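What follows is each chain in one-letter form.
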Amino acid sequence: MEVLRKIGNSYAARRQQDHPVLCNWSIALVIPTPRCAKIQRFNLMKIPLRSFCAKPVCAIISEDLHHYGSTSNLDKMEQNVLLRKGSNNIPVIRELIKKLDMKNDSDVAKLKGELSKLPNLTHPRIVNYGDEPKELEQFSPSDSFPTHATEFSEVAKYMNIFRMDHLGNYTGHKSYYLFGKLAELEQAIKEYTVQQLLQNNFSLISVPDILPKEVIEGCGMNTDGERTQVYKLDSGLCLSGTSEMALAGFFENQVLEEKQLPIKVAAVSRCYRAETSGLNEEKGIYRVHQFTKVEMFAICAESQSEDVLELFKDLQLENFKKLNLKIRLLDMPPSELGAPAYQKYDIEAWMPGRKVWGEISSSSNCTDYQAKRLNIRYKTNKGETKFAHTVNGTAAAIPRLLIAILESNQVDKNSIEIPKVLGEYMKNCSITKDKLIPEIKLLKHLKHDI
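Presented here is a report on the structure given in the accompanying data block. (Residues numbered from 1 in each chain as written. Predicted model: local features only at pLDDT ≥ 70, side-chain atom pairs only at ≥ 80, totals over all residues. Heavy atoms only, no water.)

1. With respect to the overall build of the protein
The helix and strand inventory of the protein stands at 13 helices and 19 strands. Taking all 450 residues of the protein together, 51% fall into the buried category. The contacts in the protein between residues at least 6 apart in sequence include a share of 73% that link residues at least 24 apart. (Helix = DSSP H or I, 4+ residues; strand = E, 2+ residues; numbered from the N terminus. Buried < 20%, exposed > 50% of the residue type's maximum accessible area, 1.4 Å probe, protein only. Contact = heavy atoms within 4.5 Å.)

2. As for unusual backbone geometry
Here the bond from Leu261 into Pro262 is cis, since omega is 0°, no more than 30 degrees from zero. Positive phi is not limited to glycine here, since Lys355 has a value of about 60°. Of note, Lys355 is situated in the loop between strand 12 (343-351) and strand 13 (356-365). Owing to a relative accessible area of 45%, Lys355 belongs among the partly exposed residues under this scheme. At Thr367, a residue that is not glycine, the phi angle is positive and equals roughly 45°. Among the structural elements, Thr367 can be located in the loop between strand 13 and helix 11 (369-374).

3. Quick look at the packing of aromatic side chains
Across all of its chains, the model carries five aromatic pairs by this definition. For the pair Phe202 and Phe312, a centre-to-centre distance of 5.6 Å together with 45° between the ring planes defines the contact as tilted. With Phe202 in the loop between helix 7 (180-198) and strand 5 (203-206) and Phe312 in helix 10 (residues 305-321), this pair connects stretches of sequence that are 110 residues apart. Pair check on accessibility: Phe202 and Phe312 agree, each one buried. A centroid spacing of 5.6 Å and a plane angle of 65° characterise the contact between Trp350 and Trp357, whose relative ring orientation is edge-to-face. Given the relative accessible area of 24%, Trp357 is considered partly exposed. A cation over an aromatic ring shows up here: Lys313 above the ring of Tyr345, its NZ or CZ 5.4 Å from the ring centre. (Phe/Tyr/Trp six-rings, centres within 6.5 Å; stacked < 30°, edge-to-face > 60°. Lys NZ or Arg CZ within 6 Å of the ring centre and 35° of its normal.)

4. Concerning the sheet that holds strand 18 (residues 415-417)
An order of 17-18-19 is seen for the three strands of this open sheet, with the pairing classed as antiparallel. If you trace the sheet from one side to the other, it starts and ends with strand 17 (410-412) and strand 19 (430-432), each paired once. Neighbour to neighbour, the strand axes of the sheet diverge by 25° on average, direction disregarded. (Pairing = 2+ DSSP bridges. Axes fitted to C-alpha atoms, helices over the stretch in contact; angles between N-to-C directions.)

5. Considerations on the packing of helix 7 against helix 12 (residues 398-408)
Viewed as axis vectors pointing N to C, helix 7 and helix 12 meet at an angle of 115°, and their least axial separation amounts to 10 Å. Classified by the angle their axes make, helix 7 and helix 12 are roughly perpendicular. Seen from above, helix 7 lies across helix 12 with right-handed handedness. Between helix 7 and helix 12, the residues in contact are Leu182, Leu185, Glu186, Ile189 and Lys190 and Ile398, Leu401, Leu402, Ile405 and Leu406, respectively. For the contact of helix 7 with helix 12, a count of residues per class yields eight nonpolar, no polar and two charged. (Parallel < 35°, antiparallel > 145°, perpendicular 65-115°, else oblique. Left-handed = near helix turned anticlockwise from the far one by under 90°. Nonpolar A, V, L, I, M, F, W, Y, C, P; charged D, E, K, R; others polar.)

6. Observations concerning the pairing of strand 11 (residues 327-331)
The side chains of a regular strand alternate, residue by residue, between the two faces of the sheet. By the criterion of burial, strand 11 is predominantly enclosed, with five of the five residues buried. Direction of pairing for strand 2 (residues 134-139) relative to strand 11: antiparallel, over a ladder of five bridges. Paired with Glu135 across the strands is Leu330, a residue of strand 11. Pairing geometry for strand 11 and strand 12, over five bridges, is antiparallel. Paired with Leu329 across the strands is Ile347, a residue of strand 12.

7. Considerations on the pattern of salt bridges
Using the criterion set out here, one finds 22 salt bridges in the structure. Across the pair Lys313 and Asp314 runs a salt bridge whose closest N-O atoms are separated by 3.1 Å. Look at Asp314 and you get partly exposed, because its relative accessible area is 41%. Notably, a salt bridge pairs Glu407 with Arg354, separated by 3.7 Å at the nearest N-O pair. (Salt bridge = Lys/Arg side-chain N within 4 Å of Asp/Glu carboxyl O.)

8. Focus on the side chain of Glu244
For Glu244, the position within the fold is in helix 9 (residues 243-250). No salt bridge is formed by the buried Glu244. Its closest oppositely charged neighbour is Lys293, at 6.0 Å. A polar side-chain atom of Glu244 sits 2.7 Å from a polar atom in the side chain of Gln370. Beyond its immediate sequence surroundings of up to four residues, Glu244 is in contact with Cys219, Glu295, Phe297, Gln370 and Asn392. (Lys, Arg positive; Asp, Glu negative; His and termini not counted. Polar contact = N/O pair within 3.5 Å; in protein donor to acceptor, adjacent residues only side chain to side chain.)

9. Details of the nonpolar core
Ranked by internal contacts, the top residues of the largest apolar core, which has 60 residues, are Leu182, Leu185, Leu406 and Leu422. Looking at this core element by element, the count peaks at eight residues for helix 7. Apart from the residues lying within four places of it in its own chain, the contact partners of Leu422 are Leu185, Ala188, Ile189, Tyr192, Leu323 and Ile405. Core analysis: the next-biggest nonpolar cluster, separate from the first, contains 28 residues, Leu211, Leu256, Ala267 and Phe387 among them. (Core = buried A, V, L, I, M, F, W, Y, C linked by side-chain atoms within 4.5 Å.)

10. Remarks on helix 3 (residues 71-83)
In this model helix 3 runs 18 Å from its N-terminal to its C-terminal C-alpha over 13 residues, within 8% of the 18 Å that 1.5 Å per residue would give. Every buried residue of helix 3 is accounted for by Asn73, Leu74, Met77, Glu78, Asn80 and Val81. One side of helix 3 carries all its buried residues, which in axial view fall inside an arc of 160°. Away from its buried face, by an angle of more than 90 degrees, helix 3 presents the exposed residues Thr71, Lys76, Gln79 and Leu82. The first or second residue beyond helix 3 is Lys85, which carries a positive phi of 55°. (Expected span 1.5 Å × (residues − 1). Arc of directions from axis to C-beta.)

11. Concerning the environment of Tyr176
Summarising the element assignment, Tyr176 is placed in the loop between strand 3 (162-163) and strand 4 (177-178). For the pair Tyr176 and Ile285, spaced 109 residues apart in sequence, the C-alpha separation works out to 7.5 Å. Here Gln290 takes part through its backbone oxygen, which lies 3.4 Å from a polar atom of the side chain of Tyr176.

12. A closer look at the sheet that holds strand 14 (residues 377-379)
An order of 8-14-15 is seen for the three strands of this open sheet, with the pairing classed as mixed. Among the strands making up the open sheet, the edge pair consists of strand 8 (255-257) and strand 15 (385-387). Looking at each pair of strands side by side, their axes are set apart by 35° on average, direction ignored. Bridge analysis of strand 14 against strand 15 gives three bridges, and the strand direction is antiparallel. Within strand 15, the residue paired with Tyr378 across the bridge is Lys386.

Spelled out as structure tokens, the structure:
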């Protein structure tokens, strides 16, 4: 525990100068429960203290300048940007490289800024997919899976376990309350998912929700501009959109040993996103400003990341199949990868109340994209130092799983049967209509002279 404390203190010290408010944050390693005590998993307390060897930006750019300065490589990068339908800034990079003076901090900063906008490379397997994903697998729990059901918001309101109306005094139409059995179901999904991860040798970490913008941008998320999904505080710090960011930040500027890899960690956290949607199929709690999510994250050697991605994907499928959901696995096309991912799988659940497929999970292999930005390295068994690879995956996005479970497991208008694996974490295995929760309505305040 002393080693973990030193790592946490070092991280805090690195951030204190620019962000004094962060100096009091802490990282807590959750020790497995006795029933999981025999499971062997990576011990975060054994991370070596040969860490925090951050290189100056000039040094990193100097190492790769021969790569970026090659006309053929720039051409390939431009093709990749266009394939992924990103904003093409290669012409700007060409001009900056021509005029680059490594002794001029302004020139270096401009080049660094443009290079950071480039997306990751794209897996050769998916370059010819066009704009449509490829369906790899579809699973239905039974032949009698419902083809018609009551939509989530309607059935949840009828049972008095959910409220989303008249909450304009919070965050508008994207606020919600869960009551009674629905709140219990949320906790059951978290506990079930965490236990599955512990049984598969993940280490659980409790992470901060407030992060410096450098960590979020290091993970490939833009924090500026009108279309950013990131909430920024007056202090300049940001609310985390996923615990992937804090988990990646935990390993920032560290050099690990190849024999320790892969390191698999997980976190349960609140996620904050400024995104909105007017699409009818994304109404209700499908897309909201804040929600709970269980996230998987791994630090890998470059030879391990594709296998770890397959492991994440297989674990997701295994866990979701136990929830009596009709699901399908999609291999995503280049235009759907975002900037960090080299390849990505999405898992969608059929939501019979909405009569649409809805994304409930994704997993991505980011190769060394995030590691280069956060300076996460490892020493190979041959003594060479390389950038690590990172893999992330959603183990459970609570609101969308609630939608899928309630719409897929309706017995009748007054009863919903809870999947057995979740019932173990609840008082009973069904949800029935609860007593009425008084409705809240907004009233205009009137001022009276006294």
